[in-house]
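Structure assessment
Okay, here's what each chain looks like letter by letter:
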Amino acid sequence: MPRPSRFHIDLEALTHNFNELSRLAGSRRKMAVVKANAYGHGAVACAQRLEAFVDAFAVAITEEAIELREAGINSPVLVLQGPHSAEDVSAIARYKLWPAISNYHQLKWCHKLTHNLDQVWLKVDTGMHRLGFDINEVAETQAKLHNLGVKNITLMSHLADAEDVNSMLTQRQTSRWSDLLGITTGTVEIDQGASFSNSASTIGAVSPPESWVRLGYSLYGGSLISLPPELTLKPVMNFTSEVAAIRWIESGETVGYGGRWVAKRRSRIATIPVGYGDGYPRAAADGTPIGTPYGTVPLAGKVSMDMITADVTDMPDIEFGTKVTLWGDTPSMDEVATYCGTIGYELCTRITERTPRSFSR
Ligand SMILES: *Cc1c(COP(=O)(O)O)cnc(C)c1O
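Everything numeric in this text was worked out from a predicted model, so none of it was measured.

Reading guide: rules and limits
Residues numbered from 1 in each chain as written. Predicted model: local features only at pLDDT ≥ 70, side-chain atom pairs only at ≥ 80, totals over all residues. Heavy atoms only, no water. Helix = DSSP H or I, 4+ residues; strand = E, 2+ residues; numbered from the N terminus. Buried < 20%, exposed > 50% of the residue type's maximum accessible area, 1.4 Å probe, protein only. Contact = heavy atoms within 4.5 Å. Pairing = 2+ DSSP bridges. Axes fitted to C-alpha atoms, helices over the stretch in contact; angles between N-to-C directions. Salt bridge = Lys/Arg side-chain N within 4 Å of Asp/Glu carboxyl O. Core = buried A, V, L, I, M, F, W, Y, C linked by side-chain atoms within 4.5 Å. Domains from an automatic or database assignment. Near = heavy atom within 4 Å. Polar contact = N/O pair within 3.5 Å; in protein donor to acceptor, adjacent residues only side chain to side chain. Nonpolar A, V, L, I, M, F, W, Y, C, P; charged D, E, K, R; others polar.

A tally of helices and strands in the protein yields 11 helices and 19 strands. Dimensions of the protein along its principal axes, counting C-alpha atoms only, are 75 × 45 × 35 Å. Among the 361 residues that make up the protein, the fraction classed as buried is 52%. Within the protein, counting contacts between residues at least 6 apart in sequence, those at least 24 apart form 63% of the total.

Our next topic: the sheet that holds strand β11 (residues 245-249). Taken in spatial order, the three strands make up an open sheet running β11-β14-β17, and their pairing is antiparallel. In the strand order of this sheet, the two ends are held by β11 and β17 (308-311), each with one partner. With direction set aside, neighbouring strand axes in the sheet form an average angle of 30°. Where strand β14 (residues 267-272) meets β17, four bridges bridge the pair, whose relative direction is antiparallel. By the bridge assignment, Ile269 is partnered in β17 with Asp311.

Another aspect to go through is the pairing of strand β6 (residues 119-123). Counting buried positions over the five residues of β6 gives five, a clear majority of the element. The side-chain alternation of β6 yields two buried faces, one formed by Gln119, Trp121 and Lys123 and the other by Val120 and Leu122. Pairing geometry for strand β5 (residues 98-101) and β6, over two bridges, is parallel. Residue pairing across strands places Ala100 opposite Trp121, the latter belonging to β6. Two strands pair when backbone bridges link them, and β6 and strand β7 (residues 152-156) are joined in this way by five bridges, in the parallel orientation. Residue Lys123 lies in a different strand from β7, and its bridge partner there is Met156.

A few words now on the pattern of salt bridges. For the coordinates displayed, the defined rule picks out 13 salt bridges. Two residues, Glu250 and Arg266, come together in a salt bridge whose shortest N-O distance is 3.4 Å. Within this pair, whereas Glu250 is found in the loop between β11 and β12 (254-255), its partner Arg266 is found in the loop between β13 (261-262) and β14, the two being separated by 16 residues in sequence. A residue is classified by how much of its surface remains accessible, and Glu250, at 46% relative accessible area, is partly exposed. Take Arg266: its relative accessible area is 44%, and that puts it in the partly exposed class. Asp311 serves as the salt-bridge partner of Arg265, at 3.6 Å between the closest nitrogen and oxygen. With Arg265 in the loop between β13 and β14 and Asp311 in strand β17, this pair connects stretches of sequence that are 46 residues apart. Relative accessible area serves as the criterion here: at 35%, Arg265 is assigned to the partly exposed category. Residue Asp311 is classed as buried on the basis of its relative accessible area of 12%.

Formed by 99 residues in total, the largest nonpolar core has its most connected members in Phe57, Tyr280, Ile290 and Trp327. The biggest single contributor to this core is helix α1 (residues 11-25), with six residues. Each of two domains, domain 1 (10-219) and domain 2 (237-360), supplies a minimum of three residues to this core. Excluding residues that lie within four positions of it along the chain, Ile290 makes contacts with Ile272, Tyr280, Gly295, Thr296, Val297, Leu299, Ile308, Ala310, Val324, Thr325, Leu326 and Pro331.

Strand order in this closed barrel of eight strands is β2-β3-β4-β5-β6-β7-β8-β9, and the pairing throughout is parallel. Averaged over all pairs of adjacent strands, the angle between strand axes in this sheet comes to 30°, irrespective of strand direction.

Surveying the vicinity of the ligand reveals 14 residues, the closest of which are Lys35, Tyr39, Ser199, Tyr217 and Tyr345. One of the side-chain nitrogen or oxygen atoms of Tyr39 is found 2.6 Å away from an oxygen atom of the ligand. For the ligand, an oxygen atom lies 2.5 Å from a polar atom in the side chain of Ser199. Only α2 (35-39) and β9 (212-215) provide two or more residues apiece to the shell around the ligand. Residue composition of the shell around the ligand, grouped by class: seven nonpolar, four polar and three charged.

Here it is as structure tokens:
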């Protein structure tokens, strides 16, 4: 008898979200970011589902791109970190991938193979200060790539605080970005290719000049910012299980490791067979909502490797076998994340192999 815990991946919700976001992106081309196994959702299944709609995919590293190619994905695939070695460039050329180049080491590795590179993305540091050429190095680097025979060069940069349109950081980055496009193209002429937006910037009001958006987390139904009324996103991942044990404990008794949760009254405790060994975060605080058909119930006690416990005293209908949702429709991944001191991005990318994923088309 298998354990009743599952990650259900709703591929219909994925296309729904893509269509919704496409509307916001308007005439900009759409790149679906499927790095880290499509944020834990299953890169091959998600890419196969989206391939007919997207203009390109993006992954972080070459290995992830090769996995897509070997599964038959033929669309362009951008490797956001670019090559990590000269051999990596050979693989990028062989699999017809798009490298993002962000430093002179990568540029040097590309030298011999540029005729095999269909398109190169040039990563510019506008203020994130992780990767990218300085703004004053861009024109020279573009010229070098052109001399090496690269025809298509798309400029890209990444926002550090896209959730906050008004932050100094966002304003500084967007003004540098606009200057850059002015400097390198003479006018704000972005047909050559320019990409600044991630999910939050596409959904929010940053509106930078660009010809591509790079959509990641929002495709999977999550968001770090509140959605405009005309946009509905559906959760792609539903993490579910069932109540596997129920007991009454007396007031003053505690639940779980370290006795963190203390019963203030005679309490009914439900045990659910998922834990941090499945990706349910150990950081989850008492009170983290768990969905049931009767409403949400609070997590009670520390998360174990294989189990969690909930206070179901106020929900007498909950019994052995009652279905629960750890995250998905209710509560959302974003909501659970706030009880764990993290963001939903981390919850979905940290799910483990132990719990099966099932895909609904
Ligand atoms: C991951 C990533 C994205 C997608 O970000 P979301 O917030 O998930 O939409 C876009 N651009 C770069 C460079 C990234 O690394």
